Amino acid sequence: MNRHYQVESRLSLTGSNADKRAVVKPSEEAVAVIALYNKLAASMGATTIAGGQLTGRAEKVISAAAADLAANKGKSLVVAGSNDANVQAIVNAINVMLGSYGSTINMNQYSNTHQSSDKDMMLLMDEMNKGAVSALVLYGANPAYDHMNAKGFTDAVKKVETSISLNDRADETSALCRYHCPDHHYLESWNDASPRAGLFTMVQPVIWPLFDTRQAQDSLLRWSGSTEDYYTYIKKNWEKNVYPAQSMYGDAQTFWDMCVKEGAFEITTANVANSTSTIDVAAAGGAVMAIASKANGLELSLYEKVAMGNGRYANLPWLQEMPDPVSKVVWDNYLCVSPKFAKDNGLEMDLVEHLTDMVKISAGSVSAEVPIYIQPGQGDTSVSIALGYGRMKAGRAGDGVGQNVYPFVTSNGETCNYNASGVTVTKLNKKYEIAMTQTHFSFEGRDAIQETVLSEYKKHPEEGKEEKEELKHLWAETLYPEQKFPGAKWGMSIDLNSCIGCGACSIACQAENNIPVVGKTEVMRVHEMSWIRIDRYYSFPGEDGTIDKEKEYDKIQDYQDVQVVFQPMLCQHCDNAPCENVCPVAATNHSSEGLNQMAYNRCIGTRYCANNCPYKVRRFNWLDYTTADVFPWNEPWKIPTLGIKDPGMTDAMTRMVLNPDVTVRSRGVMEKCSFCVQRIQDGKLTAKKEGRPLMEGDVKSACQTACPADAISFGNLNDEKSEVRKNHEDGRAYYTLAELNTRPAIAYMKKVRNTDEMVPGEKKEHTAEKHA
């Protein structure tokens, strides 16, 4: 099992998953890199460099990391998120010392993505201001919003005689340009890419263009005097440059047909020598320390949220309403402050009333008024806020959401720096409504989350099996007859050790099952509709390394060393489901394959089932979000064009996002996870047409296919060879709130931390010892 160390100024998603984590100021992150280099250099007999002095927990974590790295040469990796080339140079030198090149770093298959130059952008703006640019073409970029000097770019564009935007929508930059030639959507286009060396991928159109647009590449071909379309251009390029690099196919047409069918083609790349070139570490370290020494006072860290990114897709309501994995806030950005900083500055946040204090944050001549969010794990001497908000020409959903903080980005003349020092935070005499999907983060001593450390797990790897044997005796004490599932019995397993809490599963579920977006106001009323949520829990180690699960929030003000665990929570499809007992019309019932079903047309909206569900995973459709009651499904030609939507958009087009295989629910019904029953039926039908029984892998739920960490397994529990059956029988597997005799169909795999610190439950006797 690997071990992950993280040094950061705010609680990031990556830091939330770290085994050991230390909090430093943004300016100290580069200092920590030098400290790590010096400790490794000292242990390996290399020359150290000036700087790198750390104290407290940061010094301890860096020392532990250096010892682990030195003991695992060739099996380790150091990564820095800094935009400073000098910091990256020191990191490269560390990886050279560790023998990472050629082992954990493969230079033969380098990434081609995210290539840019901040300096070139600055030079372009300088030339535009001087009148040296007569024509400017912009494609897939929105510098009038997301550049650190957006105002400067706006002024510079006005001095360009011919400015053309090829962006697919009328964003902030397109509004400035003299001409706007909108691009097709990528699903309406032919395209290709090479995301990494040797890999060539293809994008094919799946729909005819909905609007009067033209693919950007076709526009460039026309303006260059070419008469061929972009499809022909791509085909000729592949035949000329990709086809000769392979030997599998004898003619170009067969090769092209295969690539169109498969969507990608990979060739063996030339063996590039792994870089061990000499790096002037001393010079890089001096430059880093010079910048760090200039930092003063409170520091600001700017970051991108998992869902919102740089704000390019701010008009997507799915992303706006996706809870931030760490804070669980939707439809906003906010200034993250530590509990101690909030206490010292009289800042308050009411989790029950969804109210928080407003502050004015200033750095030099830039300022903004933003709400605060009290975030455990945030550094006491720094604050942080997300980019990607404050759009004014994003669209109906994205306009005016949050504050634009790109003006706080600074520059060293070469690159953009996403932090600032000398920041002041002033409390304003007003409150702000903030929408959160989770307002309590302690599991109060319950075993909803089970976790241990690697050393303890090795001592008791079968502990979970013994607990499940005990459960069988508990479950046998019931008045209900035992249920039999002679065919398939559908179930799921979720590995808490793999789950990183990103939320991809929740968005996949939303897209697959036509789950509506309800908006900020309804979220504050606890009316969100998501079928799967990611519960985020905090635990706070004491001075002796143990963790008290029952500490109250107001008693943990001084803790930065917070540990985080994520738990996807959805309908457990209980065999003894409490919701089924109380429905007066049997709208919720159990299938012969173990599914907890919902008959939407039968539901009368009493919500008894939601009250009786201990997992709180059932949702009530308070409003007719999809206009299912009024939409003229049988006479679509009567659909009016609504003036409140984008020009040309009709109700029919807004419904193109809906999955036709899933029922659109009208107002006043309960809905919840269905284990993607439409996919189950499709898998059955495919197996039937092929004249074979249902096999492992025939059915995959939407959340399972979207999970980047393969944390979710789904399948037939009656199949002894299935992965989900093996996971249910594993020693790490447990059932949430199993003592209630609900008999869930979802097993969670206990989280194992690779750390020396103790975790919740470690002090109590182990099951094997208890029953000895």
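Because the structure is a prediction, the values reported are computed rather than measured.

Cut-offs applied
Residues numbered from 1 in each chain as written. Predicted model: local features only at pLDDT ≥ 70, side-chain atom pairs only at ≥ 80, totals over all residues. Heavy atoms only, no water. Buried < 20%, exposed > 50% of the residue type's maximum accessible area, 1.4 Å probe, protein only. Helix = DSSP H or I, 4+ residues; strand = E, 2+ residues; numbered from the N terminus. Pairing = 2+ DSSP bridges. pLDDT = per-residue confidence, 0-100. Contact = heavy atoms within 4.5 Å. Core = buried A, V, L, I, M, F, W, Y, C linked by side-chain atoms within 4.5 Å. Expected span 1.5 Å × (residues − 1). Axes fitted to C-alpha atoms, helices over the stretch in contact; angles between N-to-C directions. Left-handed = near helix turned anticlockwise from the far one by under 90°. Nonpolar A, V, L, I, M, F, W, Y, C, P; charged D, E, K, R; others polar. Polar contact = N/O pair within 3.5 Å; in protein donor to acceptor, adjacent residues only side chain to side chain. Salt bridge = Lys/Arg side-chain N within 4 Å of Asp/Glu carboxyl O. Phe/Tyr/Trp six-rings, centres within 6.5 Å; stacked < 30°, edge-to-face > 60°. Parallel < 35°, antiparallel > 145°, perpendicular 65-115°, else oblique. Disulfide = S-S within 2.5 Å.

Before going further, it helps to spend a moment on helix 8 (residues 216-223). Among all positions of helix 8, only Ala-216, Gln-217, Asp-218, Ser-219 and Leu-221 are buried. Gly-225 occupies a position one or two residues after helix 8 and carries a positive phi of about 95°.

Pairing is mixed in the open sheet, where four strands are placed in the order 28-21-30-29. Looking at which strands have only one partner, the edges of the open sheet turn out to be strand 28 (712-716) and strand 29 (733-734). Direction of pairing for strand 29 relative to strand 30 (residues 746-749): antiparallel, over a ladder of two bridges. Note on strand 30: the bridge partner recorded for Ala-733 is Met-749.

Here we have three strands laid out as an open sheet, ordered 3-4-5, and parallel in their pairing. The sheet terminates laterally at strand 3 (135-138) and strand 5 (179-180), the two strands that pair on one side only. Strand direction decides the pairing type here: strand 4 (residues 162-165) and strand 5, joined by two bridges, are parallel. Residue pairing for strand 5: Ile-164 is matched across the bridge by Tyr-179.

Taken residue by residue, the protein gives an average pLDDT of 85. The fraction at 70 or more is 91%. Below pLDDT 50 for its whole length, residues 542-547 participates in 15 contacts with residues either more than four positions away or in separate chains. Below pLDDT 50 for its whole length, residues 636-649 participates in 19 contacts with residues either more than four positions away or in separate chains.

On to the nonpolar core. Leu-300, Leu-335, Ile-361, Met-492 and Phe-675 are the most contacted members of the largest nonpolar core, which totals 110 residues. Take this core: its biggest share by element is five residues, from strand 14 (residues 366-374). Residues in contact with Phe-675, not counting those within four places in the same chain, are Trp-490, Gly-491, Met-492, Leu-570, Cys-571, His-573, Leu-595, Ile-680, Phe-714, Ala-745 and Ile-746. If you look at the next biggest cluster of nonpolar residues, it comprises 35 residues, including Val-33, Ala-41, Ala-58 and Ala-284.

What follows deals with helix 21 (residues 677-689). Across its 13 residues, helix 21 extends 18 Å between first and last C-alpha, which sits within 8% of the 18 Å expected from 1.5 Å per residue. Buried residues of helix 21: Gln-678, Ile-680, Gly-683 and Ala-687, and no others. Packed against the buried residues of helix 21 are strand 21 (490-495), helix 16 (504-512) and strand 28. Gly-691, located one to two residues past helix 21, shows a positive phi value of around 65°.

Our next topic: unusual backbone geometry. Residues other than glycine seldom take positive phi values, yet His-114 does so here, at roughly 55°. In this structure, His-114 sits in the loop between helix 4 (85-97) and helix 5 (118-129). One non-glycine residue, Val-526, adopts positive backbone phi at about 60°. Along the chain, Val-526 falls in the loop between helix 17 (520-524) and strand 22 (533-539).

A separate point is the packing of helix 9 (residues 230-242) against helix 10 (residues 252-262). With their axes 10 Å apart at the nearest point, helix 9 and helix 10 run at an angle of 115° to one another. Here helix 9 and helix 10 pass one another in a crossing that is right-handed. Along the contact surface, helix 9 presents Tyr-231, Ile-234, Lys-235, Trp-238, Glu-239 and Val-242, while helix 10 presents Ala-252, Gln-253, Phe-255, Trp-256 and Cys-259. When its residues are assigned to classes, the contact of helix 9 with helix 10 shows eight nonpolar, one polar and two charged.

We now examine the side chain of Arg-391. Mapping Arg-391 onto the fold places it in the loop between strand 15 (382-386) and strand 16 (410-411). For Arg-391, the side chain forms a polar contact with the side chain of Glu-172, separated by 2.8 Å. Of note is the side chain of Arg-391, whose polar atom sits 2.6 Å from the backbone oxygen of Gly-311. Arg-391 has contacts with Asn-142, Tyr-145, Asp-171, Glu-172, Gly-311, Arg-312, Ala-314, Gly-398, Asp-399 and Gly-400, leaving out every residue within four places of it along the chain.

Now for the pattern of salt bridges. Under the defined criterion, the tally for this structure stands at 32 salt bridges. A salt bridge links Glu-172 to Arg-391; its shortest N-O distance comes to 2.8 Å. You can see Glu-172 sitting in the loop between strand 4 and strand 5 and its partner Arg-391 sitting in the loop between strand 15 and strand 16, a full 219 residues away along the chain. Measuring nitrogen to oxygen at the nearest pair gives 3.5 Å for the salt bridge that ties Glu-463 to Lys-750.

Bringing the pairing of strand 9 (residues 298-303) into the picture now. Extensive coverage of strand 9 is indicated by the burial of six of its six residues. With burial as the criterion, each face of strand 9 is covered, one bearing Leu-298, Leu-300 and Leu-302 and the other bearing Glu-299, Ser-301 and Tyr-303. Of the strand pairs in this sheet, strand 9 and strand 18 (residues 419-433) are connected by three bridges, and their pairing is antiparallel. Residue pairing across strands places Ser-301 opposite Asn-419, the latter belonging to strand 18. Bridge analysis of strand 9 against strand 15 gives five bridges, and the strand direction is parallel. In the strand pairing of strand 15, Leu-300 is matched with Val-383.

Here we take up the packing of aromatic side chains. Applying the stated rule across the entire model yields 15 aromatic pairs. Judged by centre distance (4.8 Å) and plane angle (55°), the rings of Trp-190 and Tyr-231 are tilted. Remark: Tyr-231 occurs in helix 9 and Trp-190 occurs in the loop between strand 5 and strand 6 (191-196); sequence separation between them is 41 residues. Taken together, a centroid distance of 5.0 Å and an interplanar angle of 90° make the contact between Phe-255 and Phe-265 edge-to-face. Placement of Phe-255 in helix 10 and of Phe-265 in strand 8 (residues 264-266) is noted, with a sequence separation of ten residues between them. As far as burial versus exposure is concerned, Phe-255 and Phe-265 are alike and both buried.

With that settled, consider the packing of helix 4 against helix 11 (residues 281-294). Two numbers describe how helix 4 lies on helix 11: the axes approach to 8 Å, and their chain directions differ by 140°. It follows from the interaxial angle that helix 4 and helix 11 lie oblique. Crossing angle aside, the handedness with which helix 4 passes helix 11 is left-handed. Contacts from Asn-86, Val-87, Ala-89, Ile-90 and Ala-93 in helix 4 reach Val-281, Ala-284, Gly-285, Ala-287 and Val-288 in helix 11.

This next bit is on the state of the cysteines. One pass over the structure, following the stated rule, counts zero disulfides. You can see Cys-703 has no disulfide; the closest cysteine sulfur is in Cys-676, sitting 6.2 Å from it. For Cys-703, a relative accessible area of 8% corresponds to the buried category.

What follows concerns the environment of Tyr-334. Within the secondary structure layout, Tyr-334 lies in the loop between strand 10 (329-330) and strand 11 (335-337). Classification of Tyr-334 by relative accessible area gives buried; the value is 1%. For the pair Tyr-334 and Val-359, spaced 25 residues apart in sequence, the C-alpha separation works out to 9.8 Å. Only 3.3 Å separates the side chain of Tyr-334 from the side chain of Lys-305, close enough to count as a polar contact. Here Ser-327 takes part through its side chain, which lies 2.4 Å from a polar atom of the side chain of Tyr-334.

Within the fold, Ser-713 resides in strand 28. For Ser-713, a relative accessible area of 6% puts it in the buried group. Within polar-contact distance, the side chain of Ser-713 engages the side chain of Asn-727 at 3.4 Å. Filtering out sequence-adjacent residues up to four positions away, Ser-713 remains in contact with Gly-491, Met-492, Ser-493, Gln-704, Glu-723, Val-724 and Asn-727.

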